[in-house]
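Below, each chain spelled out in residue letters.
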Amino acid sequence: MGKKILVVGGSFKDKGSQSKLFVVTDMLKKRFNDCQVYFACNGEQYNESDYRFIKVPYTRQYQDLILGKGTSILTNISQMIRKKDDGSTIDIRKLFSLLDLIIDISDLILTDRSTLAEHKSYLDTIRIAKKFNIPMILMPQSFGPFKDYSLDNMDIVKEMMDLLFYPKAVYAREEDGYDELMGYFGLDNLRRSADLVLQTKDLNITNVCSPLYTPNIPDIKEGNNVAVIPNNHYFTKKLLNHSYAFYFRLIEKLIESKKEVYLFCFSSSDLEICKKIAAMFPYNDHVHLIEQEFDSIEYDFIIRYFDFVVCSRYHGCVHAYKNLIPGLVLGSTVRYRELAKLMNQENYFIDILSESFNDKPWMDAIDYLVKNRDQERAVIQNRLEEIQSNSCFEILDELGW
């Protein structure tokens, strides 16, 4: 019988999370061809027949059921999971007693900006692993900051102190998060690692998707293309005028540089922003709007058509780097800055919310990329080779698998 592995913290709504789910599934299947991967799903709908992992319902109610809390009010919840291979079913509580490993691919949960419910759900997964004596790995993710927890949330900090020592490894993606965890909790299982998507050289789609899956790739002519991928977080009421004005100047600059500009979204919530930016150039044949929403596999294909990107979605940038595509990283948080630094691309990190923000740095960066794109590709390739020479999946060797 193959190993049974549950992946928690993934989501189809968030393309970065989806990317990590696909990478983990692929890496596990490459190591253990007969393993069964289960996806802990928090109620969202997707076409299950397209994928080679089994959907497991995993809401707060199911967590309570598995932990034996308040079972009397859960009688109307289906406890059975249908297996893909033979159509048989298995009780969800029995499944957890049979698991060989739990892998967490969450992101931005253990931070003072998350809700109490998000914290409790995250920590309850570790409790479940402890209850059934299941090895657990927290794959690379952002942690912290922790400094602004209220007095009402101090119990959560105590729970983290108790539970975070249980996983076999806790991988902090950023140096900042590593320092936070070490400073607050002194974890002896804490490690540093780059994002999961950067660690995989080639995704074997057949390990992730069924033969029914067909990627839908739009027709994009090769040559002189730049992708512009905004983030609706920078289009709040307070930032609206600032952001639209910036993107207008940005696209004007790209057009002056003889580039074909393609606007599209990495997250469906950004599509309306893309439409409004494109509407500022109603009669310009060099500005193209792609309204299709891509999954992470499709995005990985189409990003290869571009000379460089201007991107303010974290995993949008990650996928670009994975395909040796340089670009401007537009962000305002530590993880964007550290990602650019990791790839020796820190000169292309632009904090668009900085009080000292002005046009000269990003305009200079575009001028340099236009002339030196191949040089920057080589820089990224060298860093990527170093990153991919090690993998956080080597922890499985330490577990004796």
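Novice: Quick one: what's the story with the packing of aromatic side chains, residue by residue and with numbers?
Specialist: On inspection of all chains with the given rule, the structure shows 31 aromatic pairs. Between the aromatic rings of Phe-96 and Phe-132, the centroid separation amounts to 6.3 Å while the plane-to-plane angle is 40°, which identifies the pairing as tilted. Note that Phe-96 is positioned in helix 3 (residues 92-98) and Phe-132 in the loop between helix 4 (116-131) and strand 7 (136-141), a separation of 36 residues in sequence. Residue classification places Phe-132 among the partly exposed residues on the basis of a relative accessible area of 23%. A connected cluster of aromatic rings, assembled from ring pairs, spans Phe-12, Phe-22, Phe-39, Tyr-46, Tyr-51, Phe-53 and Tyr-213.

Novice: For the nonpolar core, give the residues involved together with the corresponding values.
Specialist: Counting 66 residues, the largest nonpolar core has Leu-28, Tyr-51, Phe-53, Met-139, Phe-264 and Phe-393 as the members making the most contacts within it. The next biggest cluster of nonpolar side chains, apart from the first, holds 40 residues, and it includes Leu-99, Met-136, Phe-143 and Tyr-149.

Novice: Tell me about the side chain of Lys-20, and name the residues and values.
Specialist: Topologically, Lys-20 is positioned in helix 1 (residues 15-31). Buried charge without a salt bridge: Lys-20, with Asp-107 as the nearest opposite-charge side chain at an N-O distance of 4.0 Å. Discounting chain neighbours no more than four positions away, the residues touching Lys-20 are Ile-105, Ser-106, Asp-107, Pro-140, Arg-173, Asp-195, Leu-196, Val-197 and His-315.

Novice: Tell me about the sheet that holds strand 10 (residues 225-229), residues and numbers included.
Specialist: With parallel pairing, six strands are arranged side by side in an open sheet as 12-11-10-13-14-15. A strand with exactly one partner marks an edge of an open sheet, and here the two such strands are strand 12 (287-289) and strand 15 (349-351). Within this sheet the neighbouring strands show an average axis-to-axis angle of 20°, counted without direction. Docked against the sheet, helix 9 (residues 240-256) engages strand 10, strand 11 (260-263), strand 12, strand 13 (308-311) and strand 14 (327-331), running at close to 175° with respect to strand 10.

Novice: Give a description of the sheet that holds strand 2 (residues 36-41) that names residues and reports values.
Specialist: With respect to topology, seven strands assemble into an open sheet ordered 3-2-1-6-7-8-9, the strand pairing being parallel. Each of the sheet's edge strands pairs with one partner strand only, and the pair in question is strand 3 (54-57) and strand 9 (190-192). Neighbour-to-neighbour, the strand axes of this sheet turn through a mean angle of 25°, independent of strand direction.

Novice: How would you summarise the state of the cysteines if you had to cite specific residues and measurements?
Specialist: Applying the stated criterion to the full structure yields zero disulfides. The thiol of Cys-209 is not disulfide-bonded; the next cysteine sulfur, from Cys-35, is found 15 Å away. Judged by its relative accessible area of 5%, Cys-209 is buried. You can see Cys-311 has no disulfide; the closest cysteine sulfur is in Cys-317, sitting 3.8 Å from it.

The rules we used
- Residues numbered from 1 in each chain as written.
- Predicted model: local features only at pLDDT ≥ 70, side-chain atom pairs only at ≥ 80, totals over all residues.
- Heavy atoms only, no water.
- Phe/Tyr/Trp six-rings, centres within 6.5 Å; stacked < 30°, edge-to-face > 60°.
- Helix = DSSP H or I, 4+ residues; strand = E, 2+ residues; numbered from the N terminus.
- Buried < 20%, exposed > 50% of the residue type's maximum accessible area, 1.4 Å probe, protein only.
- Core = buried A, V, L, I, M, F, W, Y, C linked by side-chain atoms within 4.5 Å.
- Lys, Arg positive; Asp, Glu negative; His and termini not counted.
- Salt bridge = Lys/Arg side-chain N within 4 Å of Asp/Glu carboxyl O.
- Contact = heavy atoms within 4.5 Å.
- Pairing = 2+ DSSP bridges.
- Axes fitted to C-alpha atoms, helices over the stretch in contact; angles between N-to-C directions.
- Disulfide = S-S within 2.5 Å.

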